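Structure assessment
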Amino acid sequence: MPLTDYPEHVREAVAATREVVARLHAELPRWGLIVWTAGNVSQRVQVDPSGPSEGDLLVIKPSGVTYDELTPESMVVCDLDGTLIDGDRSPSSDTAAHAYVYRHMPEVGGVVHTHSTYATAWAARAEPVPCVLTMMADEFGGPIPIGPFALIGDDSIGRGIVDTLRESRSPAVLMQNHGPFTIGKDAKAAVKAAVMVEEVARTVHISRQLGNPLPIPQDKVDSLFDRYQNVYGR
């Protein structure tokens with residue numbers, strides 16, 4: 001149904017989310033994570049006040065629009081089948097993947113996709129980024145996993161993201177031959193994960209050029225992850 005048929009609290013939430021998602025898209029070129037019109041940020045809009053559901057909506061950028069043209073009004077709204085609900089342009093070509101994640105991972109409130117150089121280079125080799133930095137233990141709880149090869153256009157990419165991240169503490173997956181997708185409790189958290197995955201992919205690449213990076217023992221990874229997720233900054 002059109003957005004005008006949704007309750008007022010949903011329409012207000014959509015308007016606020018359009019502002020957030022438009023603003024967060026500016027973070028991708030700021031941190032050197034995208035070129036031209038590639039990449040996208042989305043955020044879930046919860047329709048039922050009692051919690052996430054398959055009736056929720058998502059806000060995402062339109063397809064083929066440069067980042068300096070993005071405004072809150074240009075953001076498009078889709079249901080969790082990827083069907084356009086509100087907006088003047090076609091949704092991002094990655095909308096089906098984002099929608100699949102939201103349908104199957106109710107704890108996820110934000111999804112980001114980039115083609116950031118170093119993370120995508122690891123994806124091209126189908127090699128997980130090993131956990132050799134305390135920053136990685138903090139943020140990702142272990143290695144950054146590789147997801148399967150999948151073609152754009154249907155649920156294949158979303159299915160690969162969900163299947164991979166359900167078995168990992170990582171908020172990031174490197175889809176083989178494609179690039180990173182990140183998730184978070186909201187779009188801001190997913191953008192942070194996108195920034196961090198590129199940073200550690202670059203650092204570990206440089207470390208491997210100098211020699212063999214030293215893995216962090218699993219018990220230390222667990223301790224670091226627990227402290228960062230549950231104690232740090234609180």
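Everything here concerns the structure above.
Worth saying up front: this structure is predicted, and the values here are computed from it rather than measured. (Residues numbered from 1 in each chain as written. Predicted model: local features only at pLDDT ≥ 70, side-chain atom pairs only at ≥ 80, totals over all residues. Heavy atoms only, no water.)

Here the focus is the packing of aromatic side chains. Tallied over the entire structure, the rule returns 0 aromatic pairs. A cation over an aromatic ring shows up here: Arg169 above the ring of Phe225, its NZ or CZ 4.6 Å from the ring centre. (Phe/Tyr/Trp six-rings, centres within 6.5 Å; stacked < 30°, edge-to-face > 60°. Lys NZ or Arg CZ within 6 Å of the ring centre and 35° of its normal.)

The buried count for strand 8 (residues 179–184) comes to 6 of 6 residues, which makes it a mostly enclosed element. Relative to strand 8, strand 7 (residues 172–175) runs antiparallel, the two sharing 4 bridges. Across the sheet, Met175 pairs through a bridge with Gly179, a residue of strand 8. Between strand 7 and strand 8, which pair antiparallel in sequence order, lie 3 residues; one of them, Asn177, sits at a positive phi of approximately 60°. (Buried < 20%, exposed > 50% of the residue type's maximum accessible area, 1.4 Å probe, protein only. Helix = DSSP H or I, 4+ residues; strand = E, 2+ residues; numbered from the N terminus. Pairing = 2+ DSSP bridges.)

This part is about helix 6 (residues 156–165). With 7 of its 10 residues buried, helix 6 lies for the most part within the structure. Here helix 6 has its buried residues at Ile157, Gly158, Gly160, Ile161, Val162, Thr164 and Leu165. Considering only its buried residues, helix 6 is in contact with helix 3 (95–104), strand 6 (146–147), strand 7 and strand 8. (Contact = heavy atoms within 4.5 Å.)

So, about the pattern of salt bridges. On inspection of all chains with the given rule, the structure shows 10 salt bridges. Close ionic contact of Arg18 with Asp86 constitutes a salt bridge, the shortest N to O distance being 2.8 Å. With a gap of 68 residues between them, Arg18 in helix 1 (residues 8–25) and Asp86 in strand 4 (residues 84–86) connect regions that are remote in the sequence. Close ionic contact of Glu127 with Arg208 constitutes a salt bridge, the shortest N to O distance being 2.6 Å. Placement of the pair is Glu127 in the loop between helix 4 (117–124) and helix 5 (134–140) and Arg208 in helix 7 (residues 187–210), with a sequence separation of 81 residues. Overall, Arg208 belongs to the partly exposed group, its relative accessible area being 35%. Overlapping salt bridges bring together Arg125, Glu127 and Arg208 as one network. (Salt bridge = Lys/Arg side-chain N within 4 Å of Asp/Glu carboxyl O.)

Positionally, Asp138 belongs in helix 5. It turns out Asp138 is buried and unbridged, and the closest side chain with the opposite charge, Arg227, is 4.3 Å from it. Here Asp138 is in contact with Leu224, Phe225, Arg227, Tyr228 and Gln229, once residues within four sequence places are set aside. (Lys, Arg positive; Asp, Glu negative; His and termini not counted.)

The alternating pattern of strand 5 (residues 110–113) places Gly110 and Val112 on one face and Val111 and His113 on the opposite face, and all of these are buried. One ladder, built from 4 bridges, connects strand 1 (residues 40–45) with strand 5; its direction is antiparallel. Bridge pairing in strand 5 links Ser42 to Val111. Taken together, the 4 bridges between strand 5 and strand 8 define a ladder with antiparallel strand orientation. Among the inter-strand pairings, Gly110 is bridged to a residue of strand 8, identified as Gly184.

Attention now moves to the sheet that holds strand 3 (residues 76–79). Reading across the sheet, the 8 strands line up as 4-3-2-1-5-8-7-6 and stay open at both edges, with mixed pairing between neighbours. Single-partner strands in this sheet number two, and they are strand 4 and strand 6. Set on the sheet, helix 7 makes contact with strand 1, strand 5, strand 7 and strand 8; between it and strand 8 the angle comes to about 145°. (Axes fitted to C-alpha atoms, helices over the stretch in contact; angles between N-to-C directions.)

These values are about where atoms sit, not about what they do.
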